Amino acid sequence: MSASSEQEPQWRDVLVAQIDAIGNQLCQAVDGTFDFYVHTDSDEIAIQKLAQLNNFTLDAVRRTIGELEQTRRELEMRVEERTQRLNLILSATNDGVWEWEIDSGYVTLSPRWSRMLGQDAVEIRQPLESWLALIHPSDRSAVERAFYRHLDGLSDAVDIEYRLRNSRGAWRMMLCRGLCQRDDQGRALRMAGTLSDTTEQRLTDPLTGLPNGAYLELLMQERLHALPRPPLSLVKFQLLNVAQLFDGVSVEHAIAALRDLVQRLRRRLPARVALTALPEHTFAMVLELDAVAELDRVLEPVEALLAEPVEIEGRLVWLSHVSGVAIVNLHEAASADEWRRQARLALASARQSDVGTRCYYSESLRQWEQHQGRAEQMIRGALANRGVRCFLQPIVDIVAGTARGFEALMRLEDPVEGLVNPGAFVEVAERTGLIAPLWEMLMDQALPVLKDPGMRERFGETFLISINLSPRQLMDPGLLELMLAACARHGVAQSRLQVEVTESAVLSDPVRASRMLERMRESGIQVAMDDFGSGYSSLAQLTSLPLDTVKIDRSLVLDVNTLPRKQHVLAAVVALCQRLEHGVVVEGVEDWETVTLLRQWGVHDIQGFFYARPMPMAQLIKQFELPLPLVPSDDPPAVATR
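Now for a quick tour of the structure. Residue numbers restart at each chain and count upward from 1, following the sequence in its written direction. Totals for whole chains, interfaces and linings use every residue, but because this is a predicted model, local features are given only for residues with pLDDT of at least 70 and side-chain atom pairs only at 80 or more, for both listing and counting. Excluding hydrogens and water, the side-chain figures rest on all heavy atoms present in the structure.

### Quick word on empty space enclosed by the protein
- Any residue with an atom within 4 Å of a point lines the site, the site being either a cavity, points on a 1 Å grid over the protein atoms alone where a 1.4 Å probe fits but cannot get out, or a pocket, an open set with protein on both sides within 12 Å along at least 5 of 7 lines. Grid points are joined across faces, edges and corners, and a volume is the space filled by probe spheres set on the points. In the structure shown here, the tally under the stated rule is one cavity of 30 Å³ or more.
- The space that makes up the largest cavity amounts to roughly 40 Å³.
- Residue lining of the largest cavity: Val235, Phe237, Met285, Leu299, Val302, Glu303, Leu306 and Ser323, and that is the complete set.
- Contributing elements (two or more residues each) for the lining of the largest cavity: β7 (233–239) and α9 (292–306).
- In terms of residue count, α9 provides more of the lining of the largest cavity than any other element does, four residues in total.
- Amino acids are sorted into nonpolar (Ala, Val, Leu, Ile, Met, Phe, Trp, Tyr, Cys and Pro), charged (Asp, Glu, Lys and Arg) and polar (every other residue, Gly among them). Along the lines of polarity and charge, the residues of the lining of the largest cavity split into six nonpolar, one polar and one charged. Helix and strand definitions here come from DSSP, where helices need a minimum of 4 consecutive H or I residues and strands a minimum of 2 consecutive E residues; each element is numbered from the N-terminal end.

### With respect to the sheet that holds strand β6 (residues 188–197)
- Two strands qualify as a pair provided DSSP detects at least 2 bridges between them. Spatial strand order, β3-β2-β1-β6-β5-β4: six strands in an open sheet with antiparallel pairing. The strands lining the two open edges of the sheet, one partner per strand, are β3 (124–127) and β4 (158–165). Between one strand and the next, the sheet's axes are offset by a mean angle of 25 degrees, whatever the strand orientation.
- Pairing of β4 with strand β5 (residues 171–182), which is carried by eight bridges, proceeds in the antiparallel orientation. Across the sheet, the residue bridging to Asp159 is Arg177, located in β5.
- Contact definition: two residues touch when any of their heavy atoms are within 4.5 Å. Note on geometry: axes are lines fitted to C-alpha atoms, helical ones only across the stretch in contact, with angles between N-to-C directions running from 0 to 180 degrees. The sheet contacts of helix α5 (residues 137–151) involve β1 (95–101), β4, β5 and β6, and relative to β4 the element is tilted by about 150 degrees.

### Here we look at the side chain of Asn212
- Examined against the element boundaries, Asn212 turns out to sit in the loop between α6 (199–202) and α7 (213–224).
- A relative accessible area of 14% means that Asn212 is categorised as buried.
- Side-chain polar atoms of Asn212 contact the backbone nitrogen of Ala214, separated by 3.1 Å.
- Contact partners of Asn212, with chain neighbours within four places excluded, come to Arg202, Leu203, Thr204, Asp205, Thr276 and Ala277. Categorising residues by exposure relies on relative accessible area from a 1.4 Å probe, with only protein chains included: less than 20% of the type maximum marks a residue as buried, more than 50% marks it as exposed, and the intermediate range marks it as partly exposed. A 3.5 Å cut-off defines polar contacts: any pair of N or O atoms within that distance qualifies, except that in protein one atom must be a possible hydrogen donor and the other a possible acceptor, and neighbouring residues in sequence count only when both atoms are side-chain atoms.

### Considerations on the layout of surface pockets
- Of the volumes computed, that of the largest pocket is approximately 1000 Å³.
- Lining the largest pocket we find 37 residues, and of these Glu407, Leu409, Asn468, Asp530 and Asp531 sit closest to its centre.
- Of all the secondary structure elements, the ones that give two or more residues to the lining of the largest pocket are β15 (402–414), α12 (426–432), α13 (435–446), β17 (464–468), α15 (471–474), α17 (503–507) and β19 (526–532).
- With five residues, β15 is the largest single contributor of residues to the lining of the largest pocket.
- Counted as a void, the second largest pocket has a volume near 240 Å³.
- Lining the second largest pocket are Arg344, Leu345, Ala348, Arg351, Gln352, Trp368, Glu369, Gln372, Gly373, Glu376 and Arg431.
- If you list the elements that add at least two residues to the lining of the second largest pocket, you get α10 (336–351) and α11 (363–384).

### Here we look at the environment of Phe532
- Secondary-structure assignment places Phe532 in strand β19.
- Owing to a relative accessible area of 2%, Phe532 belongs among the buried residues under this scheme.
- Each C-alpha atom of the pair Phe532 and Arg380 lies 31 Å from the other, and the pair is 152 residues apart in sequence.

### Description of the pattern of salt bridges
- Salt bridges are identified by distance alone: a Lys or Arg side-chain nitrogen within 4 Å of an Asp or Glu carboxyl oxygen. The tally for this structure, following the rule as stated, stands at 38 salt bridges.
- Its salt-bridge partner being Glu69, residue Arg72 comes within 2.0 Å of it at the nearest N-O pair. Taken together, the positions of Arg72 and Glu69, both in helix α2 (residues 45–92) and three residues apart, correspond to about one turn of that helix.
- In this structure Glu69 comes out as partly exposed when scored by relative accessible area, which is 28%.
- Measuring nitrogen to oxygen at the nearest pair gives 3.2 Å for the salt bridge that ties Glu288 to Arg223. Pair noted here: Glu288 is in the loop between β9 (282–287) and α9 and Arg223 is in helix α7, with a separation of 65 residues, a long-range link.

### Notes on the packing of α10 against α11
- With their axes 10 Å apart at the nearest point, α10 and α11 run at an angle of 85 degrees to one another. The angle between α10 and α11 falls in the class roughly perpendicular. The segment α10 lies against α11, with Arg341, Arg344, Leu345, Ala346 and Ser349 engaging Leu365, Arg366, Trp368 and Glu369.
- For the contact of α10 with α11, the residue count by class is four nonpolar, one polar and four charged. Each angle gets one of four labels, with under 35 degrees taken as roughly parallel, over 145 as roughly antiparallel, 65 to 115 as roughly perpendicular, and the rest as oblique.

### Some remarks on the sheet that holds β7
- Pairing within the open sheet is mixed, and its five strands lie in the order β8-β9-β7-β12-β13. Unpaired on one side and paired on the other, β8 (276–278) and β13 (358–360) mark the two borders of the sheet. Looking at each pair of strands side by side, their axes are set apart by 25 degrees on average, direction ignored.
- Here β7 runs beside β9; their pairing, made up of six bridges, is antiparallel. If you follow Val235 over to β9, its bridge partner there is Met285.

Here it is as structure tokens:
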């Protein structure tokens, strides 16, 4: 055997050992370690080349790993940045995140969602039913319907607002939005989205920061459906002159003063009673009380605070208020709508009384409301069908035996009730603002009476038409122009028109009323004070107001022949008016004895049933006969119509 043949196995063994050494080093790469270099002690070029190639490969792998690591870090940074931006957006919008796993039926809720419910800020995983159980019973079916419509592919997304009770027992408004993720076959895998707390927008009054009417509705429904139902009262109070706070000060300071007042009111109430803000500076609260004495105890501190002045920019402003209370009958079924209506009616009744009045709902108020509703419908029907009728009652000059004038009195023609007297509708017409169109229709019938041939033939060319003005009309700055235009339209002289105003109409704003009446007299229209002596009477009105005539109310005339004290009062009023050179008309005269008594006191003009009841013009022309001139010794005139 040659020497070369003996050396070949040794050479192979050395080569294998060198290759095995390189392989052992490369095992590190199998374990994921690439930060090494392959070393060899071989003098063989091929082995050195193999080691070098492995090192080149490791360098390439390290570079690739470095690039991948850099890419990973960049991706993580971008994900982190986008996550932060998303969290910032969710924080700014007060949104929480939810995810519904369709197969498992579990919902995962984000920490922010937990905070929105007043819980610890941790992620929650719970059955869908646990989430739905927090939703207001009236809203739950709509929420479920929105979810399943989108799950079934009938809607593009979930987008629904609902009420949800938080861990503190308060109701919150939530806006839920979401989308489904589906596989290639369109099968829903999961649904995810956001929850936005919209309580500030939906349940809060922006001016005062208090809960609003929608929140009050939640409270009312909850209390009414509680088992057992507690005693309940709904209290509403209204500030009548809040505009005074804004007079001459900045809006910001006025709002700050109002908010401060609201907070002081809140502190006067029991801690668990929510004070809610309604439109037109009205506030409401639900009290678990039904005894008037207990309500007094709670409400009197509030009313006492409202009687105190509000300080704003160094000046004091007194606010006026009224309140209405509706107590739920524990033994009767009650709805929120009916409860709210009763409180509104009680408050409306209080507004018609003095400031500071508190009114409780009663059956009589319900009947009054029904009457008001029927009267308004009757008025509107009369306006639509020209059902306003003009009746005339003579004002008789008993000395001359002539008609000094005729008072135009309004009647409404109702298809069911027939002719309706003013007492049944004037108050409603005044409150609703319908008095103006009614009055204009009456004027269009009354003014032509002055030019009617039959009236002129029977009663001459100088008689007056007297027509009543309501308090609302008297405060209308365009009233005089309207009257002058009506006179011009019908071709009659305004000097033959007389307006009658009551003391109450004048007392609501004496300066403004006096100015209006003076303008009327300057234009030639005569002015009479109507119903003088009924209720509150101020003798000062006789001297301060621009008057032509005083019409003495029938309340001073009734039983004047049998009550000596009343005779003294009536005689004194007549004498005072005569000394002030006012014309005097005595209303409500129904018997001959009163006529003769008045004649002895120098009264000329009388209006009453003794001579004629109010009647349409055609009937007046046909039936009414003027009395003969009267002197003190005359017997009852044969032509008098009783």
